[in-house]
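Given next are the chains, with one letter for each unit.
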Amino acid sequence: MSTIDYDKLYIGGEWRAPAGSARIDVRAAATEEIIGSVPEGAEGDIDAAVDAARRAFDGPDAWGSWEPARRQEALHRFADELEKRAGETAARVAQQNGMPIVVAEQFESAFPPLLLRYYSQLVVDQGEERRPGMLGGSSVIRREPIGVVGAIVPWNVPQGITFLKLAPALASGCTVVLKPAPETVLDAFLMAEAALAAGLPEGVLNVVPGGRELGAYLVEHPGVDKVSFTGSTAAGRAIAETCGRLLRPVTLELGGKSAAIVLDDADLLGNIESFFASTLLNNGQICWLGTRVLAPQSRYDEVVDTISGLASNLVIGDPLERTTQIGPLVSQRQRERVESYIAKGSSDGGRLTAGGGRPADRDRGWFVQPTVFADVDPNHTIAQEEIFGPVLAVIPYRDEEEAVRIANDTDYGLGGSVWTADPERGEAFARKVRTGTIGLNHYVNDPTAPFGGIKSSGMGRELGPEGLVAFQNLKTIYLPPAAAN
Ligand code: NAD
């Protein structure tokens, strides 16, 4: 089998020889075989990438000084080039992290060009505001690009998450050094090919893959003006400490343990596809999934049966197959982590009602069966800690008041969903849940609305016009009364 191998890094608008000789091998989650390799970035590569991004930001004909409409043209070309590679992008992601291909086609191939077009138009529309003052003069309020952005992303939705940062950053006029996660680098290199083919000016986008030390080096780099991070809460805390010391603006999208709250009038079977997408999508490897299912005591057995039936009947298979609903986890390490939580769920007294092991017909690949525990106490480890695998904990509740209390009894606050036949009741309930986002009978990150978390789930927002704010400095020019008109 041929592998996908690169020997250069995309820095300063060209493919450059890396500073070191180390390499990253990438394995297919479904076969455990090596499917490609890339150079591992070293500190010297980050230096070169930040330098290139700096020059693209500060130098002559700076990206941020272009009229928004001119940047829009360039970003439309980038979107077009990504679309030409859509099939290959989805396939690379599916192979690397186990994401079912039909999900990858949406999150990894369709979403990035859509975001580029959305944000470049928003910036064109934003313009410059002139505001009459109260003291005789007026003010010009400008939104200026914040500068060089260090963007660090995880492996679970690598392209989708990359473009939550790249699209608003590039549209605003920022330049970017991207550090993808080592598990998913092949898609990032394909994206770099698209950027080059689109003729993005040199240094506007640079890609340096590596692990956490390299990420920490980028966060601290004196040439970086802003850090945008998505990943675990532990890493987010470390990054926030560094950025606090440096007074460097930072956006953090971190972990979650969201609640899917089933009200006593819910038609769960009638909404089962949405329920699956809100709780078990991408093999449980999404930060906002509702992995704590709150079920009313009045319908408890029926809800447990419905969810257990759903989990038991999902099609587990090769992520490249269009019928696959559950693929493998990203790595052996991730599977061990998920399996240790399953063991803890049992030893803490949870009642296993679906899954709990590896699928019998798969002897290769890091597969775990979709797993459901019933009778979980809200204080159990599997009800409090993020598992990041296909494991649901069903927790009974007496009345709505108790459901709200359990839903809010968590360190996290990222997603959530409410399931009910009565939209008004559902919305009223959703208002009481302390979280950054919550869905009614579905959960979809619409590009037009802000997404992000509270508490240990992060700081700041991505998506929507609010997602631009993170990449812009507000500047006020006070005009004297004479110039007011
Ligand atoms: P991780 O934090 O280990 O790694 C994420 C990225 O950060 C990787 O590129 C890694 O190399 C880098 N990194 C790790 N430690 C770093 C440090 N100290 N300084 C700089 N960079 C560092 O997370 P992971 O295991 O790859 O991803 C899973 C986690 O990401 C889960 O906790 C999940 O909830 C979270 N996540 C959050 C969101 C969101 O939008 N809130 C989205 C997806 C994933």
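Residues numbered from 1 in each chain as written. Predicted model: local features only at pLDDT ≥ 70, side-chain atom pairs only at ≥ 80, totals over all residues. Heavy atoms only, no water.

Draft legend 1. Main features of the sheet that holds strand E4 (residues 23–27). The 3 strands are arranged E1-E5-E4 in an open sheet whose pairing can be described as mixed. Only two strands of the sheet have a single neighbouring strand rather than two, namely strand E1 (4–5) and E4. Its contacts with the sheet place helix H3 (residues 86–97) against E1, E4 and strand E5 (34–39), and it is angled at close to 90° to E4. (Pairing = 2+ DSSP bridges. Helix = DSSP H or I, 4+ residues; strand = E, 2+ residues; numbered from the N terminus. Contact = heavy atoms within 4.5 Å. Axes fitted to C-alpha atoms, helices over the stretch in contact; angles between N-to-C directions.)

Draft legend 2. Summary view of the side chain of Thr230. Inspection of the secondary structure puts Thr230 in strand E11 (residues 226–230). When its relative accessible area of 8% is taken as the criterion, Thr230 is described as buried. One polar contact links Thr230 to Lys165, side chain to side chain, over a distance of 2.7 Å. Apart from residues no more than four positions distant in its own chain, Thr230 is found in contact with Ile152, Val153, Pro154, Ile161, Lys165, Glu253 and Glu462. (Buried < 20%, exposed > 50% of the residue type's maximum accessible area, 1.4 Å probe, protein only. Polar contact = N/O pair within 3.5 Å; in protein donor to acceptor, adjacent residues only side chain to side chain.)

Draft legend 3. Looking closely at the domain arrangement of the chain. As far as domains go, the chain holds domain 1 (4–254 + 458–476) and domain 2 (259–446). Averaged C-alpha coordinates put domain 1 and domain 2 at centres separated by 31 Å. Between domain 1 and domain 2, the contact holds 29 residues from the first and 30 residues from the second. Counting the surface lost from both domain 1 and domain 2, the interface buries some 2300 Å², and carbon and sulfur atoms represent 60% of this. Area buried by domain 1 at its contact with domain 2 is led by Ala30, Glu32 and Trp155, which between them contribute 22% of it. Our count for the domain 1 to domain 2 interface comes out at 1 salt bridge. For Glu105, the salt bridge is made with Arg322, and the minimal N-O distance between the two is 2.8 Å. Taken together, the connections running from domain 1 to domain 2 amount to 10 residue pairs in polar contact (both at pLDDT 80 or more). If one sorts the elements of the side of domain 1 that touches domain 2 by residue count, helix H4 (residues 101–126) sits on top with 6 residues. For the side of domain 1 that touches domain 2, the residue count by class is 16 nonpolar, 7 polar and 6 charged. (Domains from an automatic or database assignment. Buried area = accessible area lost by both parts, 1.4 Å probe. Salt bridge = Lys/Arg side-chain N within 4 Å of Asp/Glu carboxyl O. Nonpolar A, V, L, I, M, F, W, Y, C, P; charged D, E, K, R; others polar.)

Draft legend 4. Just the pattern of salt bridges, in detail. Scanning all chains against the criterion turns up 27 salt bridges. One salt bridge connects Arg299 with Glu302, and the closest N-O pair in it is separated by 2.8 Å. Classification of Arg299 as buried rests on a relative accessible area of 18%. For Glu302, a relative accessible area of 41% corresponds to the partly exposed category. Taken together, the shared-partner salt bridges in this structure form one network comprising Glu128, Arg142, Glu144 and Lys475.

Draft legend 5. Summary view of the state of the cysteines. According to the stated counting rule, one finds 0 disulfides in the structure shown. With no disulfide of its own, Cys243 lies closest to Cys174 among cysteine sulfurs, the gap being 15 Å. (Disulfide = S-S within 2.5 Å.)

Draft legend 6. Geometry of the sheet that holds strand E20 (residues 458–459). The mixed open sheet is built from 6 strands, whose spatial order is E10-E9-E8-E11-E12-E20. Two strands in the sheet have a free side with no partner beyond their single neighbour: strand E10 (205–207) and E20. Lying over the sheet, helix H6 (residues 186–197) contacts strand E9 (175–179) and E10, oriented at roughly 150° with respect to E10.

Draft legend 7. Structural view of the site of the ligand. Surveying the vicinity of the ligand reveals 27 residues, the closest of which are Val153, Ser232, Leu254, Cys287 and Glu386. Within the side chain of Lys179, one N or O atom sits 2.9 Å away from an oxygen atom of the ligand. In the environment of the ligand, an oxygen atom lies 3.3 Å from a nitrogen or oxygen atom belonging to the backbone of Gly231. For the ligand, whose accessible area on its own is 840 Å², the fraction buried by protein is 91%. Where the shell around the ligand is concerned, the elements lending two or more residues are helix H7 (212–220), E11 and helix H8 (233–246). Looking at the shell around the ligand, the element that brings in the most residues is H7, giving 3 residues. A breakdown of the residues in the shell around the ligand according to their chemical character gives 15 nonpolar, 8 polar and 4 charged. (Near = heavy atom within 4 Å. Areas by Shrake-Rupley, 256 points an atom, 1.4 Å probe, with all protein chains shown as cover.)

Draft legend 8. Quick peek at the packing of helix H2 (residues 68–84) against H6. Between H2 and H6, the least distance of the axes is 8 Å, while the angle of their chain directions is 135°. When the axis of H2 is compared with that of H6, the two are oblique. Regarding H2 and H6, the two cross each other, and that crossing is right-handed. Across the interface between the two elements, Phe78, Glu81 and Leu82 from H2 touch Met191, Ala194, Ala195 and Ala197 from H6. Looking at the contact of H2 with H6, its residues break down into 6 nonpolar, no polar and 1 charged. (Parallel < 35°, antiparallel > 145°, perpendicular 65-115°, else oblique. Left-handed = near helix turned anticlockwise from the far one by under 90°.)

Draft legend 9. The side chain of Asp187, seen in detail. For Asp187, the position within the fold is in helix H6. Within the buried core, Asp187 has no salt-bridge partner, and the shortest N-O distance to an opposite charge, that of Arg92, equals 7.5 Å. Here the side chain of Asp187 touches Gln159 through a polar contact of 2.8 Å, side chain to side chain. (Lys, Arg positive; Asp, Glu negative; His and termini not counted.)

Draft legend 10. A look at the packing of aromatic side chains. Inspection of every chain in the model, using the stated rule, returns 10 aromatic pairs. Considering the side-chain rings of Trp15 and Phe189, the 5.8 Å spacing of their centres and the 25° angle between planes classify their relative orientation as stacked. One end of the pair, Trp15, is in strand E3 (residues 14–16); the other, Phe189, is in helix H6, with 174 residues separating them in the sequence. Relative to Trp419, the ring of Phe275 lies with its centre 5.2 Å away and its plane at 70°, an arrangement referred to as edge-to-face. Here Phe275 is found in helix H9 (residues 272–279), whereas its partner Trp419 is found in strand E18 (residues 417–419), with 144 residues between them in sequence. Here Phe275 falls in the buried class, since its relative accessible area comes to 0%. Taken together, Tyr6, Tyr10, Trp15 and Phe189 form an aromatic cluster joined through their ring pairs. Over the ring of Trp66 we find Arg70, and its NZ or CZ is 3.6 Å from the ring centre. (Phe/Tyr/Trp six-rings, centres within 6.5 Å; stacked < 30°, edge-to-face > 60°. Lys NZ or Arg CZ within 6 Å of the ring centre and 35° of its normal.)

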